[in-house]
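Overview (structure and organization)
Each chain, written out:
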Amino acid sequence: MCYDVIILGAGPAGLSAALYAGRACLKTLLIEKAMPGGQITLTDEIENYPGQLLEGENGFSLTERMAKQADKFGVEHAYDTITAVDLSGSEKRLTGMKGEYCAKTVIIATGAHPKPIGCENEAEFTGRGISFCATCDGAFFRGLEVYVVGGGDSAVEEAIYLTRFARKVTIIHRRDQLRAVRSIQEKAFANEKISFLWNTVVEKVNGVDVLNEMTVRNVITGEQTVIRADEKDGMFGLFGFVGYEPNTALFEGHLPLERGYIRTDEDMHTAVPGVFAAGDVRVKSLRQVITAAADGAIAAMQAAKYIEDM
Ligand code: NAP
């Protein structure tokens, strides 16, 4: 059976595309690796999505409602990892670990994943002190010291969130000015649990079983400092929020990419007819839930138009 639309990825872009495609009576399949929601489910507090709950909205609660809304319009779900694509013909073919899928159009909404911090021994200590999700792992560091790498909105917001659990939170940033928006910066500067290590990068992490030592370097002076966990703590936490990388490995050689992101026009068309991209995976200036949701709606309407014109 060939669907009208297959949507890859069930974050805000994919869920919004599913809502619009389902509501346009297109036979729609939403393929996701595991749980719907995408990256935003890792966010503990959302305060800038218009119409959201004013108190207590998080990424999980918001996308859970988006998924229910799409389901109202008969969207089908598959939980699979796509390993190969053939997008060239009028019927697009996707090969997953569990099955083969066919559609007249494909909307790529595969999003992005956190970039590694880039220090020595990082992989070895990921899950043993190093984390990329404060909402998931913050509670493991109750009463301990925590370091956060990065200076953008994510790093500063998550540092603030981590002060709920950690005794002290230190933001390590490679420059002497934060990139985060002013309102978030001000909250961090006013939080007495947060301090800053400016012009600094993490070079190496170490420990016995768990993370309890790291070497940082001042990028101006070149001076290296070894930071060790308090003896009574035995470990500290290190959270990386140094940006994201798009999930586009599957499309290399199939679609033109720019620094790994998919290029589209303003109507979400990629260079391949019948293939659209929406959300964080595409080249754009503002990666937010609202822009992802808008992309998804446009992509679905363009897919409907493409099928009509076929
Ligand atoms: P980002 O804005 O790209 O910031 C990444 C930060 O990590 C920057 O401060 C960057 O330093 C630093 N960095 C990058 N590579 C590094 C490396 N190799 N070593 C050390 N530091 C490194 O990423 P983000 O904060 O995850 O935000 C991504 C997007 O989501 C942005 O558009 C952001 O506005 C949005 N967002 C919005 C909200 C919100 O509206 N509430 C919340 C979270 C995220 P430099 O500053 O020196 O480049």
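Keep in mind that what you see is a predicted model, and the values were worked out from it rather than measured.

Notes on the sheet that holds strand E12 (residues 200–208)
In sheet architecture, strand pairing relies on hydrogen bonds along the backbone and comes in two forms, parallel and antiparallel. Pairing within the open sheet is antiparallel, and its three strands lie in the order E12-E13-E14. The two strands at the open ends of the sheet, each matched to only one other strand, are E12 and strand E14 (224–228). Each adjacent strand pair in this sheet contributes to an overall mean axis angle of 25°, direction not counted. Here strand E13 (residues 210–218) runs beside E14; their pairing, made up of five bridges, is antiparallel. Bridge pairing in E14 links Thr 215 to Val 226.

Focus on the domain arrangement of the protein
Domain parsing of the protein yields domain 1 (2–114 + 244–309) and domain 2 (122–240). Computed over C-alpha atoms, the centres of domain 1 and domain 2 are 32 Å apart. In this complex, domain 1 contributes six residues to the contact, which on the side of domain 2 involves nine residues. Carbon and sulfur atoms supply 44% of the area buried between domain 1 and domain 2, which totals about 640 Å² over both sides. Considering only the side of domain 1, the residues that lose the most area to domain 2 are Leu 42, Asp 44 and Pro 114, jointly responsible for 64% of the buried surface there. There are one salt bridge connecting domain 1 and domain 2. The salt bridge partner of Lys 187 is Glu 47, with a shortest N-O separation of 3.4 Å. Classifying every residue of the side of domain 1 that touches domain 2 by side-chain character gives three nonpolar, one polar and two charged.

Looking at the pattern of salt bridges
Inspection of the entire model under this criterion finds 18 salt bridges. Note that Arg 217 is salt-bridged to Glu 203, the shortest N-O span being 2.5 Å. You can see Arg 217 sitting in strand E13 and its partner Glu 203 sitting in strand E12, a full 14 residues away along the chain. By relative accessible area, Arg 217 is classed as partly exposed at 27%. Among the ionic contacts, a cluster of salt bridges with common partners joins Glu 145, Arg 167, Asp 230, Lys 232 and Asp 233.

Notes on a positive patch on the surface
There is a patch of like positive charges on the surface, built from Lys 115, Arg 174, Arg 175 and Arg 179. Along the polypeptide, Arg 175 turns up in the loop between strand E10 (168–172) and helix H6 (182–190).

Looking at the sheet that holds strand E11 (residues 194–197)
Taken in spatial order, the five strands of this open sheet run E8-E15-E9-E10-E11, and their pairing is parallel. If you trace the sheet from one side to the other, it starts and ends with strand E8 (130–131) and E11, each paired once. The pairing of strand E9 (residues 145–149) with strand E15 (residues 237–240) spans four bridges and is parallel. Opposite Val 148, over in E15, you have Phe 239 as the bridge partner. The strands that helix H5 (residues 153–162) touches are E9, E10, E11 and E15; relative to E9, the one it contacts most, it runs at about 170°.

So, helix H1 (residues 12–23)
Helix length check: H1 (12 residues) gives 16 Å between terminal C-alpha atoms against 16 Å at 1.5 Å per residue, within 8%. Counted residue by residue, H1 has 10 buried out of 12 residues, so it is predominantly covered. Of the positions making up H1, those classed as buried are Pro 12, Ala 13, Gly 14, Leu 15, Ser 16, Ala 17, Ala 18, Leu 19, Ala 21 and Gly 22. Buried residues belonging to H1 abut strand E1 (2–8), strand E2 (28–32), helix H2 (59–71), strand E6 (100–108) and helix H7 (289–309). Directly beyond the C-terminal end of H1, a positive phi value near 65° is found at Cys 25.

Overview of the nonpolar core
Membership of the largest hydrophobic core comes to 30 residues, with the highest contact counts inside it found for Val 5, Ile 7, Leu 30 and Ile 107. Of all elements in the fold, only E1, H1, H2 and H7 reach the threshold of two or more residues within this core. In terms of residues, this core owes the most to one element, H7, which gives seven residues. Apart from the residues lying within four places of it in its own chain, the contact partners of Ile 107 are Val 5, Ile 6, Ile 7, Leu 8, Ala 17, Phe 276, Ala 278, Ala 299, Ala 300 and Ala 303. Among the nonpolar cores identified, the runner-up in size contains 22 residues, and Val 146, Ala 166, Ile 171 and Ile 194 belong to it.

Notes on the environment of Glu 55
Positionally, Glu 55 belongs in the loop between E2 and H2. A sequence separation of 10 residues divides Glu 55 from Glu 45, and the C-alpha atoms of the two residues are 8.9 Å apart.

Some thoughts on the packing of H1 against H7
Direction vectors running N to C along H1 and H7 enclose 35°, while the axes themselves pass 7 Å from each other. Like other packed secondary-structure pairs, H1 and H7 cross with a definite hand, here right-handed. Contacts between H1 and H7 involve Pro 12, Ala 13, Ser 16, Ala 17, Tyr 20 and Ala 21 from the first element and Val 289, Ala 292, Ala 293, Gly 296, Ala 297, Ala 300 and Met 301 from the second. For the contact of H1 with H7, the per-class residue count stands at 11 nonpolar, two polar and no charged.

Thoughts on the state of the cysteines
Enumeration according to the criterion identifies two disulfides in this entry. Two residues share a disulfide in this structure: Cys 2 and Cys 102, whose sulfurs sit 2.0 Å from each other. Between Cys 2 and Cys 102 the disulfide shows an S-S torsion of about -70°. By sign, it is left-handed. Here Cys 2 is found in strand E1, whereas its partner Cys 102 is found in strand E6, with 100 residues between them in sequence. A relative accessible area of 7% places Cys 102 in the buried class. Here Cys 133 engages in a disulfide with Cys 136; their sulfurs sit 2.0 Å apart. Where Cys 133 bonds to Cys 136 through sulfur, the torsion about that S-S bond is close to 80°, and the disulfide is right-handed. With its disulfide-bonded cysteines labelled consecutively along the sequence, the protein is connected as 1-2, 3-4. Free cysteine Cys 25: the closest other cysteine sulfur is in Cys 2, separated by 18 Å. The class of Cys 25 is exposed, set by a relative accessible area of 69%.

Conventions we followed
Residues numbered from 1 in each chain as written. Predicted model: local features only at pLDDT ≥ 70, side-chain atom pairs only at ≥ 80, totals over all residues. Heavy atoms only, no water. Pairing = 2+ DSSP bridges. Helix = DSSP H or I, 4+ residues; strand = E, 2+ residues; numbered from the N terminus. Axes fitted to C-alpha atoms, helices over the stretch in contact; angles between N-to-C directions. Domains from an automatic or database assignment. Contact = heavy atoms within 4.5 Å. Buried area = accessible area lost by both parts, 1.4 Å probe. Salt bridge = Lys/Arg side-chain N within 4 Å of Asp/Glu carboxyl O. Nonpolar A, V, L, I, M, F, W, Y, C, P; charged D, E, K, R; others polar. Buried < 20%, exposed > 50% of the residue type's maximum accessible area, 1.4 Å probe, protein only. Patch = residues over 30% accessible without salt bridge, like charges linked within 9 Å, V, L, I, M, F, W, Y side chains within 5 Å. Areas by Shrake-Rupley, 256 points an atom, 1.4 Å probe, with all protein chains shown as cover. Lys, Arg positive; Asp, Glu negative; His and termini not counted. Charge placed at Lys NZ, Arg CZ, Asp CG, Glu CD. Expected span 1.5 Å × (residues − 1). Core = buried A, V, L, I, M, F, W, Y, C linked by side-chain atoms within 4.5 Å. Left-handed = near helix turned anticlockwise from the far one by under 90°. Disulfide = S-S within 2.5 Å.

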